[in-house]
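# Structural description and commentary
Below, each chain spelled out in residue letters.
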Amino acid sequence: NAGVTQTPKFQVLKTGQSMTLQCAQDMNHEYMSWYRQDPGMGLRLIHYSVGAGITDQGEVPNGYNVSRSTTEDFPLRLLSAAPSQTPVYFCASLDLAGNTIYFGEGSWLTVV
Amino acid sequence: AQSVTQLGSHVSVSEGALVLLRCNYSSSVPPYLFWYVQYPNQGLQLLLKYTTGATLVKGINGFEAEFKKSETSFHLTKPSAHMSDAAEYFCALREDTGRRALTFGSGTRLQVQP
């Protein structure tokens, strides 16, 4: 997963707490996205961005905000943690020319 | 809308047997197709991808997949299963328009029996 840095890898949250997952890439990719992985459901798209200043919703955007102030960074804000929000989160960026998608290592959240 | 269907959430094979994981897709434009593998508590690793050209795609660890447009399928195969192949496998699709994000299937958990 060279090139996409996703933090934190593990985090414990209290119900109702907010937090931000960080995602950064140094490959100058325009397209970036956030996915959540729930057991038995594969990965689903939360939000995506097609360039700095441009973001849009994916299939499961409720409870999350994103911003893209620079090409490099695409943070995901979890607005209010709930026990149902304990999927694994993955950030990804797309090398359009090479048709290669780079994933971060994932973030495992536990909500107590 | 694009979609990916993986038939069989669990597949069990004996070590040395053929592995066949099924993936069918729906897309309004020619898709790019991917197979990923995920080991427990780890991230995603790309096995192989189909973009254009040759429809039989070879990947890492002895896996290959064949793109069949007429059947809208992209099944993953490996001639001889190894214990280390036990993992979850995801088929995914990307269209080359709009958001250019991936649409994933729900995954197939492969079990390899000794």
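All of these numbers come straight from a predicted model, not from anything done at the bench. Residue numbering note: each chain is counted from 1, following its sequence as written. Whichever chain is written first is A, and whichever ligand is written first is 1; the rest continue in order. Local features in this predicted model are restricted to residues of pLDDT 70 or higher, and side-chain atom pairs are both shown and tallied only at a pLDDT of 80 or more, whereas totals for entire chains, interfaces and linings draw on every residue. Working from all heavy atoms in the structure, the side-chain values ignore hydrogens and water.

## Focus: the interface of chain B and chain A
Working rule for contacts: check all heavy atoms of both residues, and any pair within 4.5 Å makes them a contact. Facing the 21 residues of chain B at the interface are 23 residues of chain A. Values labelled buried area give the accessible surface lost by two parts on being combined, using a 1.4 Å probe and summing over both. Summed over both sides, the interface of chain B with chain A buries roughly 1,800 Å², with 56% coming from carbon and sulfur. We count a salt bridge whenever a side-chain nitrogen from Lys or Arg sits within 4 Å of a carboxyl oxygen from Asp or Glu. Run the count over chain B and chain A and you get one salt bridge. The partner of Arg99(B) in a salt bridge is Glu59(A), and the shortest N-O contact between them spans 2.7 Å. Within 3.5 Å is the distance limit for a polar contact, defined as a pair of N or O atoms, with the added protein rule that one can donate a hydrogen and the other accept it, and that residues adjacent in sequence qualify only through two side-chain atoms. In this assembly, chain B and chain A are joined by seven residue pairs in polar contact (both at pLDDT 80 or more). Only runs of H or I of at least four residues qualify as helices and only runs of E of at least two qualify as strands under DSSP, and these elements are numbered from the N terminus. If one sorts the elements of the side of chain B that touches chain A by residue count, strand β4 (residues 32-38) of chain B sits on top with four residues.

## Some remarks on the sheet that holds strand β1 (residues 3-7) of chain B
Neighbouring strands of a sheet are bound in pairs by backbone hydrogen bonds; such pairs are parallel or else antiparallel. Residue and element names in this part refer to chain B. An order of β1-β3-β8-β7-β6 is seen for the five strands of this open sheet, with the pairing classed as antiparallel. One side of each edge strand has no neighbouring strand; the edge strands of this open sheet are β1 and β6 (56-58). For this sheet the average axis-to-axis angle between neighbouring strands, irrespective of direction, equals 20°. For two strands to count as paired, DSSP must find a minimum of two bridges between them. In the sheet, β1 pairs with strand β3 (residues 19-26) via five bridges, with the strands oriented antiparallel. By the bridge assignment for β3, leucine 7 is matched with arginine 22. Between the N-to-C directions of two axes lies an angle of 0 to 180 degrees, each axis being a line fitted to C-alpha atoms and, for a helix, fitted only over the stretch in contact.

## Quick notes on the packing of aromatic side chains
Ring pairs are drawn from Phe, Tyr and Trp, using the six-membered ring of Trp, whenever the two centres fall within 6.5 Å, and their geometry is named by plane angle: stacked under 30 degrees, edge-to-face over 60, tilted for the rest. One pass over the full model with this rule turns up 15 aromatic pairs over all chains. Here the aromatic rings of Tyr35(A) and Phe103(A) are separated by 6.0 Å at their centres, their planes lie at 50°, and the arrangement is tilted. Taken together, the residues Tyr35(A) in strand β4 (residues 31-38) and Phe103(A) in strand β10 (residues 100-103) connect sequence positions 68 residues apart. Between Tyr36(B) and Phe104(B) the ring centres are 6.0 Å apart and the planes differ by 45°, which places this aromatic pair in the tilted class. Here Tyr36(B) is found in strand β4, whereas its partner Phe104(B) is found in strand β10 (residues 102-104), with 68 residues between them in sequence. Grouping residues by exposure puts Tyr36(B) and Phe104(B) together as buried. Of the aromatic side chains, those joined through ring pairs into one cluster are Phe10(A), Tyr35(A), Phe90(A), Phe103(A), Trp108(A), Phe34(B), Tyr36(B), Phe90(B) and Phe104(B). For a ring to carry a charge above it, either NZ of a lysine or CZ of an arginine must fall within 6 Å of the ring centroid while also lying within 35 degrees of the normal to the ring plane. The ring centre of Phe74(A) lies 5.9 Å from the NZ or CZ of Arg68(A), which sits over that ring. Between buried and exposed lies partly exposed: a residue is buried under 20% and exposed over 50% of the maximum accessible area for its type, with that area taken using a 1.4 Å probe on protein chains only.

## Details of the pattern of salt bridges
The tally for this structure, following the rule as stated, stands at six salt bridges over all chains. Via salt bridges that share partners, Arg36(A), Asp38(A) and Arg44(A) belong to a single interconnected network.

## Some points on the nonpolar core
Most often, soluble globular proteins keep nonpolar side chains buried together rather than apart. Trp35(B), Leu48(B), Phe74(B), Leu76(B) and Tyr89(B) are the most contacted members of the largest nonpolar core, which has 26 residues in total. Those elements that provide at least two residues to this core are β2 (10-14), β3, β4, β5 (44-50), β7 (64-68), β8 (73-78), β9 (87-94) and β11 (108-113) of chain B. When residues no more than four places from it in sequence are discounted, the contact partners of Leu48(B) are Leu33(B), Phe34(B), Trp35(B), Val57(B), Lys58(B), Gly59(B), Phe63(B), Glu64(B), Ala65(B), Phe74(B) and Leu76(B). Within this scheme, the nonpolar core is defined by two criteria: the residues are buried Ala, Val, Leu, Ile, Met, Phe, Trp, Tyr or Cys, and they are joined through side-chain atoms within 4.5 Å. Ala92(A), Trp108(A), Leu44(B) and Ala92(B) belong to the second largest nonpolar core, which has 21 residues in total.

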